[in-house]
Amino acid sequence: MSDLRVPTVQHLARNWRDDPALIARILVRLALNPPRFNYNPLYSAVRDLLVLKVPYDQIVEGIKRIKRASVRENLLGVLPLICDHFECISPDFYQTIDKRYYSVGRGLMVPFEPPMIYGVGGQLYFPWFSFWRRNPLANERLSLFVTIVDEVLMDDPDLEAARFEILDFSCPSPKLPRTLTVVDARDIPRIGEARKMEMLEAFAEGYFRALASLKGEPAPEADDRRTPDVDPDQPGLFD
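Each chain has its residues counted from 1, running along the sequence as written. Per-residue local features of the predicted model are confined to residues with pLDDT of at least 70, and side-chain atom pairs are confined, for both listing and counting, to 80 or more; whole-chain, interface and lining totals are unaffected and use all residues. Neither water nor hydrogens contribute to the side-chain values; these are computed over all heavy atoms in the structure.

Caption draft 1: Focus on the overall build of the protein. Only runs of H or I of at least four residues qualify as helices and only runs of E of at least two qualify as strands under DSSP, and these elements are numbered from the N terminus. Tallying secondary structure elements over the protein gives seven helices and seven strands in all. The contacts of the protein with a sequence gap of at least 6 include a subset with a gap of at least 24, amounting to 70%. Any two residues whose heavy atoms approach within 4.5 Å at even a single point are treated as in contact.

Caption draft 2: View of the environment of Leu180. Tracing the backbone shows Leu180 in the loop between strand E6 (163–168) and strand E7 (181–184). Spatially, the C-alpha atom of Leu180 lies 5.6 Å from that of Asp168, the residues being twelve residues apart in sequence. Residues in contact with Leu180, not counting those within four places in the same chain, are Leu81, His85, Leu167, Asp168 and Phe169.

Caption draft 3: Local environment of the packing of aromatic side chains. Two rings from Phe, Tyr or Trp (for Trp, the six-membered ring) form a pair when their centres are within 6.5 Å of each other. A pair whose planes differ by under 30 degrees is stacked, one over 60 is edge-to-face, and the rest are tilted. Per the counting criterion, the structure on display carries 16 aromatic pairs. Centroid distance Tyr43 to Phe131: 5.7 Å. Interplanar angle 55°. Geometry classified as tilted. One end of the pair, Tyr43, is in helix H3 (residues 40–52); the other, Phe131, is in the loop between strand E5 (123–130) and helix H6 (139–154), and 88 residues separate them in sequence. Note on Phe131: relative accessible area 6%, which makes it buried. Grouped by ring-pair contacts, the aromatic residues Tyr39, Tyr43, Phe86, Tyr118, Tyr125, Phe129, Phe131 and Phe169 constitute a single cluster. A cation sits over an aromatic face here: Arg14 above Trp132, 4.2 Å from the ring centre. Exposure categories follow from relative accessible area, calculated using a 1.4 Å probe and restricted to protein chains: below 20% of the type maximum is buried, above 50% is exposed, and the middle band is partly exposed. By definition, being over a ring means that NZ of Lys or CZ of Arg is both within 6 Å of the ring centre and within 35 degrees of the ring normal.

Caption draft 4: Broad picture of the pattern of salt bridges. By convention in these notes, a salt bridge is any Lys or Arg side-chain nitrogen within 4 Å of a carboxyl oxygen on Asp or Glu. With the rule as written, the count across this model stands at 14 salt bridges. Residue Glu193 pairs with Lys196 through a salt bridge whose shortest N-O separation is 3.2 Å. Separated by three residues within a single helix, Glu193 and Lys196 lie in helix H7 (residues 193–215), roughly one turn from each other. In this structure Glu193 comes out as exposed when scored by relative accessible area, which is 51%.

Caption draft 5: How the structure looks around the side chain of Asp168. With respect to the helices and strands, Asp168 occurs in strand E6. When charges are counted, neither His nor the chain ends are considered; positive counts come from Lys and Arg and negative counts from Asp and Glu. Arg178 is the oppositely charged side chain nearest to the buried, salt-bridge-free Asp168, at an N-O distance of 6.9 Å. In the analysis that follows, any N or O atom pair within 3.5 Å is treated as a polar contact, provided that within protein one partner can donate a hydrogen and the other can accept it, and provided that, for residues neighboring in sequence, both atoms belong to side chains. At 2.9 Å, the side chain of Asp168 forms a polar contact with the side chain of Ser170. Excluding residues that lie within four positions of it along the chain, Asp168 makes contacts with Ser130, Pro136, Thr179, Leu180 and Thr181.

So, to be careful, I would describe these as geometric facts and stop short of saying anything about function.
Printed below as a string of structure tokens:
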């Protein structure tokens, strides 16, 4: 049986649809054909640039050692934009953040793992990196993501004053190279509580339908009753 991993907060928002059956089909397809690539080397590059002051050319040489050409070229397409953005930033401190979990409902907990925070002149910054080349979060899906992140940040006294920025590295069109657009999350409309719960319920139902489908079981019927949250150390998370 293919492994249906619990999606992260941003993957929840990206794969959300109004129809739980459509969500289930998307999640099954991801489970059967999972992505085999992540951008973790770029998070390390940010740390090397900001904290260790590693020369840019040295970071490039490290990425060039990656064997898979497609992976190497993808990372090198983003790295110059990261360097340009952080070139003039001299943080007073830099800190990684522990993974947290957000309750979607029906016992489903989705992981939320911010890459880092840093401080400049007394202002705390929380950057979120969106590395999707095409179709980045937009409209209601973007609002859902930002609304959930807001809740997580406000639940932590150390993060509630952070300036939340989304660094979008997508392409303006398929034939053009990537660009960097910095989005101030304060400019993104939030989702109302009732609509948010409706959206989360649809996702939870779609997730458990996908799980049942991969196990060869009948899809579970919708159930409005809330179940206790499960252990947050559940296995099977998206990279």
